[in-house]
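# Survey of secondary and tertiary structure
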Amino acid sequence: MSSKATPREADIRARIEAVRQRITAACGRVGRDPAEVALVAVTKTVLASAIQTAYLAGVRCFGENRVQEAAAKISPAFLREFGGERSGPQWHLIGHLQTNKAKKALELFQVIQSIDSLHLAKVLQQHAAARHSHVEIFIEVNTSGEPSKFGVSPDQTLPLVQAVAELPNLQLTGLMTIGALTDDAEIIRGCFRRLRELRDEVVADNLPGVHLRHLSMGMTDDFELAIEEGSTMVRIGRALFGERA
Ligand SMILES: *Cc1c(COP(=O)(O)O)cnc(C)c1O
């Protein structure tokens, strides 16, 4: 580690370490292996220099919620420096995707976590087929029922999984949700439990080609609850990079 690290860099490194320790502690409480929980560093509003610091500290998955912002940030310089490495950065789209940005999203992201309609999935399928590429996708489920949130309702999840399973260039590997916006831990926990139950229903359905490995759930304020409920991927912004302006 460089002795010339700026305080800011040292700060980000310390925050990453603290989050990793909290992930390990949460896993310990429920007898899980911390290696089962991937960390996605959410970099919306975060400067490229901080992203590089996180990368150098070993973070490999990064999440952005807007295609335009990501396009500026997943910069040619960053890709030149790190993109060619075998274990280079993997970018996840975690925010709502409009169909008119689907093509651009495929150029930037390896995983699209926010599939919330069959229409969007079909548009992505067309663009992915045209580029002869495959893309990993998650279905976003609105487990809280809050009208401000995107995602399909729990009832619509299995039918959407079944329809998306037919699209050859999309590889469905997970479900994603955002916990309810409340201080009531039991309500938040209920959202995460619901997503886990939906995953179990999909697995029981045994669709050819569908291997749901990921439950993407848990953010700065609730990732420990999510891990206790089975999260395999936490999406963390503020705990790593500080409050957003
Ligand atoms: C911003 C965002 C996060 C990270 O939120 P923090 O509270 O900063 O950890 C996670 N998931 C989604 C979908 C987001 O938009």
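Residues numbered from 1 in each chain as written. Predicted model: local features only at pLDDT ≥ 70, side-chain atom pairs only at ≥ 80, totals over all residues. Heavy atoms only, no water.

## Describing the environment of Met233
With respect to the helices and strands, Met233 occurs in strand E8 (residues 233–236). C-alpha separation for the pair Met233 and Phe223, spaced 10 residues apart in sequence, amounts to 9.2 Å. Among all residues touching Met233, those that are not within four sequence positions of it are Val37, Ala38, Val40, His92, Gln113, Phe138, His214, Leu215, Ser216 and Met217. (Helix = DSSP H or I, 4+ residues; strand = E, 2+ residues; numbered from the N terminus. Contact = heavy atoms within 4.5 Å.)

## Concerning helix H6 (residues 118–130)
For H6, spanning 13 residues, the distance from its first C-alpha to its last is 18 Å, which sits close to the expected 18 Å at 1.5 Å a residue. Listing the buried residues of H6 in full gives Leu120, Ala121, Val123, Leu124, Gln125 and Ala128. Where H6 is buried, its residues contact helix H5 (102–108), strand E4 (111–115), helix H7 (154–164) and strand E6 (170–176). Just past H6, the residue His132 takes up positive phi, approximately 55°. (Expected span 1.5 Å × (residues − 1). Buried < 20%, exposed > 50% of the residue type's maximum accessible area, 1.4 Å probe, protein only.)

## Some words on the pairing of E6
Here E6 lies mainly inside the structure; six of its seven residues are buried. With six bridges connecting them, strand E5 (residues 135–140) and E6 associate as parallel partners. Within the sheet, the bridge partner assigned to Ile139 lies in E6 and is Leu175. Crossover E5 to E6 through H7 is right-handed. Relative to strand E7 (residues 214–216), E6 is paired through three bridges, and the arrangement is parallel. Opposite Met176, over in E7, you have Ser216 as the bridge partner. Where the polypeptide runs from E6 across helix H8 (residues 185–205) and back to E7, its parallel neighbour, the crossover connection is right-handed. (Pairing = 2+ DSSP bridges. Right-handed = clockwise from strand over helix to strand, strands pointing away.)

## Here's the deal with the nonpolar core
Membership of the largest hydrophobic core comes to 65 residues, with the highest contact counts inside it found for Leu97, Phe109, Ile112 and Ile139. In terms of residue count, helix H1 (residues 7–29) provides more of this core than any other element does, six residues in total. Not counting residues up to four positions away in its chain, the partners in contact with Leu97 are Val67, Ala102, Ala105, Ile112, Ser114, Leu120 and Leu124. Core analysis: the next-biggest nonpolar cluster, separate from the first, contains eight residues, Cys61, Ile94, Val111 and Met176 among them. (Core = buried A, V, L, I, M, F, W, Y, C linked by side-chain atoms within 4.5 Å.)

## Looking at the packing of aromatic side chains
The description of an aromatic ring pair rests on the distance of the ring centres and on the angle between the ring planes. With the rule as written, the count across this model stands at one aromatic pair. Over the aromatic face of Tyr55 sits the side chain of Arg60, whose NZ or CZ is 3.7 Å from the ring centroid. (Phe/Tyr/Trp six-rings, centres within 6.5 Å; stacked < 30°, edge-to-face > 60°. Lys NZ or Arg CZ within 6 Å of the ring centre and 35° of its normal.)

## Remarks on the pairing of E8
Side-chain alternation along E8 places Met233 and Arg235 on one buried face and Val234 and Ile236 on a second face that is also buried. Here four bridges tie strand E1 (residues 38–42) to E8, and the two strands are oriented parallel to one another. Opposite Ala41, over in E8, you have Ile236 as the bridge partner.

## Focus on the site of the ligand
Near the ligand, the surroundings consist of Val42, Lys44, Asn65, Ile94, Ile178, Met219, Thr220, Arg235, Ile236, Gly237, Arg238 and Arg244. A distance of 2.5 Å is found between an oxygen atom of the ligand and a side-chain nitrogen or oxygen belonging to Thr220. In the model, an oxygen atom of the ligand is placed 2.8 Å from a nitrogen or oxygen of the Arg238 side chain. Starting from 390 Å² of accessible surface for the ligand in isolation, the protein chains cover 93%. Looking at the shell around the ligand residue by residue, the classes come out as five nonpolar, three polar and four charged. (Near = heavy atom within 4 Å. Polar contact = N/O pair within 3.5 Å; in protein donor to acceptor, adjacent residues only side chain to side chain. Areas by Shrake-Rupley, 256 points an atom, 1.4 Å probe, with all protein chains shown as cover. Nonpolar A, V, L, I, M, F, W, Y, C, P; charged D, E, K, R; others polar.)

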